[in-house]
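Breakdown of the fold
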Amino acid sequence: MVLLQNLGATLVLVLIMIRIGSVITQATYSYHFCLGSSNDTANTNYKNNRNTLLDSLVSKAAVYSFSNGTFNGIFSLYLCRGDVIGELCQNCVQNASQDVQNRCSTNKTEIIWYDQCMVIFDDINFFGLEQTTPRAILLNSYNNTSPNYTDAVFAFMYTLVSKAPLTDMMFGVDASGVGGSQPRYGLAQCRRDISSGACSDCLGQLMSNFEQYCQGRRGWRILALSCYLRYEEYLFFAQQLVPPSSESNAPPPPPSNGNGGKKTIMIVLGIASAATTVVLTLLGFYCYRRRSRKGSHNQRQTRTHHVDESTDSKEQEHGREMHYFDLKTINVATNGFSDGNKLGQGGFGPVYKGKLHDGKEIAVKRLLRNAGQGLEEFKTEVKLIVKLQHRNLVRLIGCCVEGDEKLLVYEYMANTSLDSFLFNATKCKDLDWAKRANIVRGIARGLLYLHEDSWLNVIHRDLKASNILLDDEMNAKISDFGTARTFYGNQIETSTNRIVGTYGYMSPEYAMEGSFSIKSDVYSFGVLLLETISGRKTSDSTLPEHTKMLLPYAWQLWDGGKAQELIDRNLISNCPIKEVSRWIHIALLCVQENPQFRPSMSKVVLMLEGQTTDLPKPSEPPLSFGKYTMSHQSSSSVVGTRSFTSPEPSTGSSI
């Protein structure tokens, strides 16, 4: 009897909370566009067909959070936010559809966004197409001027951008700093009629809008046809209502076991338990809506929109999942950034070894505080490396932006970097020819991917031995994309006033004129190949007095028919002399002064594999960069506006 009374009271409370929920979850208008050909009032057929299609979509919305359909030349779809399901989704789709018809009464292309859903009607088939225009940008009217605020938001949102395309629903939400001084809430979602690659590309383009329009804003939304992003400092999504990854019918109930009495008790208990769960869920949702409303009231938004010209987008590979780490986790993993965990010093900060709580080993690059130049490199590296995936590129696991700290977290490379082997009198003996050849081929394949095969097309700009990491099987992985630049279409060359890179590896046209292209990376590869074969640095005090530089020394030996004298003495007795001499020839082709004479990386790969038998004769490599003759500091890193003041040489591993 008590059980039934409790059950009755619970069910009454459920009904009350359902009523409350239906009131507080009314769909809220965000923005709309009316486009396309005119639809005059005489064209009643269009309206009737649209209404028929609308009825079909609204009925589906009670079950599915996404659907599309067509009827008599009209194409339409709806997409509910990933945490909006069932009746909430259906109500939003119905309200939004009716609203957009009133707002766009004379247009055949109708687009509307509500907080909880979006609806599109069109007389042209747009299904399966990645569409980022037109787009609307809604900005909070308040700014946060604290240092590093924008960078923290950037890193936080990129975790969502990298994860959402890989989920079944192409939807993701995240929260950070909840209960602390700076809570953050983010959402990323794509239409599920496009591919995950198109989703990743779409969200990536929206993130570029964030950098242009949303910096410092305490809340913003970027709404496009195929995807959208939202960031707030208050909870605006009901994460506890996020449905499972696939929308399917519930399995049938189990067959009766003949125990009628026990079965009845189990059903009553099940109903009571389910009712209690619903009550708790609705209570939680009610509280979240109250907080959301309070946040919305306190942070009124100014709506603006930007209509961009359409741009062709390239289908990209799946983005990598990237995790947003909190500083406490990284501190524990690296033993408080202890000297005992330090792997080396990169151009923009030290690198530490760490171990996460699950035993996974990581490498953490710690950006130097107040390193103004390094901040741009941090942003560039995060943006690029999450979109690049190749076995010869280092894998970025995640990042952390908290207070003054900016950290990049990578997979740990057991054998650190190539320079730690090549230029160490003891460890270099472990690099036999087979290992060196495998490393060189890996670097070449990684560069080929960056230049020609990746969807972005990337110029690395700082290829050197310390940026080649080696895994436990001595496979090469290119790292440090902080100074990389992307190029598009038929673009083959560009220029800059800000020279970044490392003397000795830097091509002359870049060092002197700021002009760079994929051939600049080819030059660096040629230098790296000569270092790998010879075991000598590009600037070596043990070389003959008149040169001290590896490139002219290699040229003199090769041109004089003595190329084998360049080979590392640890290799000379156990390597194929003819093949190694051929590779010296290939390296000299790569370091020719005129970039037009240097081969592309696709040709370099073919030459290394011996598929090109006749090699052209190289021209003599540059001995100096104009009046700036290379000195003993030529292996130092440099960043500046055509500045040739070199800092101290970097040591150890650089991620």
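Everything quoted here is computed from the prediction, not taken from an experiment. Residue positions are counted from 1 within each chain, in the order its sequence is given. Since the coordinates come from a predicted model, pLDDT governs what is reported: local features require at least 70, and pairs of side-chain atoms require 80 or more to be given and counted, while whole-chain, interface and lining totals use all residues. Only hydrogens and water are set aside when side-chain values are computed; all heavy atoms of the structure are taken into account.

Bringing the side chain of R191 into the picture now. Only runs of H or I of at least four residues qualify as helices and only runs of E of at least two qualify as strands under DSSP, and these elements are numbered from the N terminus. Looking at the element boundaries, R191 is found in the loop between strand 8 (184-190) and helix 5 (196-213). At 3.2 Å, the side chain of R191 and the side chain of Q131 are in polar contact. Distance and chemistry together define a polar contact, namely a pair of N or O atoms within 3.5 Å, with one atom able to donate a hydrogen and the other to accept it when in protein, and with adjacent residues in sequence counting only for side-chain atoms on both sides. Of the polar contacts made by the side chain of R191, one reaches the backbone oxygen of L225; its length is 3.0 Å. The contact definition used throughout considers only heavy atoms, calling two residues in contact when any of these lie within 4.5 Å. Every residue in contact with R191, bar those within four places of it in the chain, is listed here: F66, L77, L79, I120, F126, G128, L129, Q131, M170, L225 and S226.

The next thing to look at is the side chain of N457. Within the secondary structure, N457 sits in the loop between helix 10 (433-453) and strand 18 (458-459). Side-chain polar atoms of N457 contact the backbone oxygen of H451, separated by 3.1 Å.

Within this document, salt bridges are pairs made up of a side-chain nitrogen of Lys or Arg and a carboxyl oxygen of Asp or Glu, the two lying within 4 Å of each other. In total, this model carries 16 salt bridges according to the counting rule given. Between R81 and D83 there is a salt bridge, and its shortest N-O distance comes to 2.7 Å. For the exposure calls, accessible area comes from a 1.4 Å probe over protein chains only, and a residue counts as buried if that area is under 20% of its type's maximum, exposed if over 50%, partly exposed in between. Looking at R81, the relative accessible area reads 4%, which means it is buried. The shortest N-O distance in the salt bridge between R218 and E233 comes to 3.0 Å. One end of the pair, R218, is in the loop between helix 5 and strand 9 (220-223); the other, E233, is in the loop between strand 10 (227-232) and helix 6 (260-298), and 15 residues separate them in sequence.

Now for the state of the cysteines. We call a pair of cysteine sulfur atoms a disulfide whenever their separation is within 2.5 Å. One pass over the structure, following the stated rule, counts 5 disulfides. Between the sulfur atoms of C34 and its disulfide partner C104 the distance amounts to 1.9 Å. Between C34 and C104 the disulfide shows an S-S torsion of about -75°. By sign, it is left-handed. One end of the pair, C34, is in strand 1 (residues 29-38); the other, C104, is in the loop between helix 3 (86-103) and strand 4 (107-114), with 70 residues separating them in the sequence. C104 gets classed as buried once you look at its relative accessible area, which sits at 0%. Between the sulfur of C92 and that of C117 lies a disulfide, 2.1 Å long from S to S. Residues C92 and C117 are joined by a disulfide whose S-S torsion is about -85°; by sign, that bridge is left-handed. Of the two residues, C92 is situated in helix 3 and C117 in strand 5 (residues 117-122); the sequence distance between them amounts to 25 residues. In this structure, C92 and C117 share a single accessibility class: buried. Among the cysteines of the protein that take part in disulfides, numbered as they appear in the sequence, the pairing is 1-5, 2-3, 4-6, 7-8, 9-10.

The next thing to look at is the packing of aromatic side chains. Aromatic rings from Phe, Tyr and Trp, with only the six-membered ring used for Trp, were paired whenever their centres fell within 6.5 Å, and each pair was classed as stacked if the ring planes differed by under 30 degrees, edge-to-face if by over 60, and tilted otherwise. What the rule picks out here adds up to 15 aromatic pairs. On the basis of an interplanar angle of 80° and a centroid distance of 5.6 Å, the ring pair of F75 and F127 is categorised as edge-to-face. Linking F75 in strand 3 (residues 74-80) with F127 in the loop between strand 5 and strand 6 (135-140), this pair joins segments that are 52 residues apart in sequence. Judged by relative accessible area, F127 falls into the partly exposed class, the value being 24%. Centroid distance F236 to F237: 5.1 Å. Interplanar angle 85°. Geometry classified as edge-to-face.

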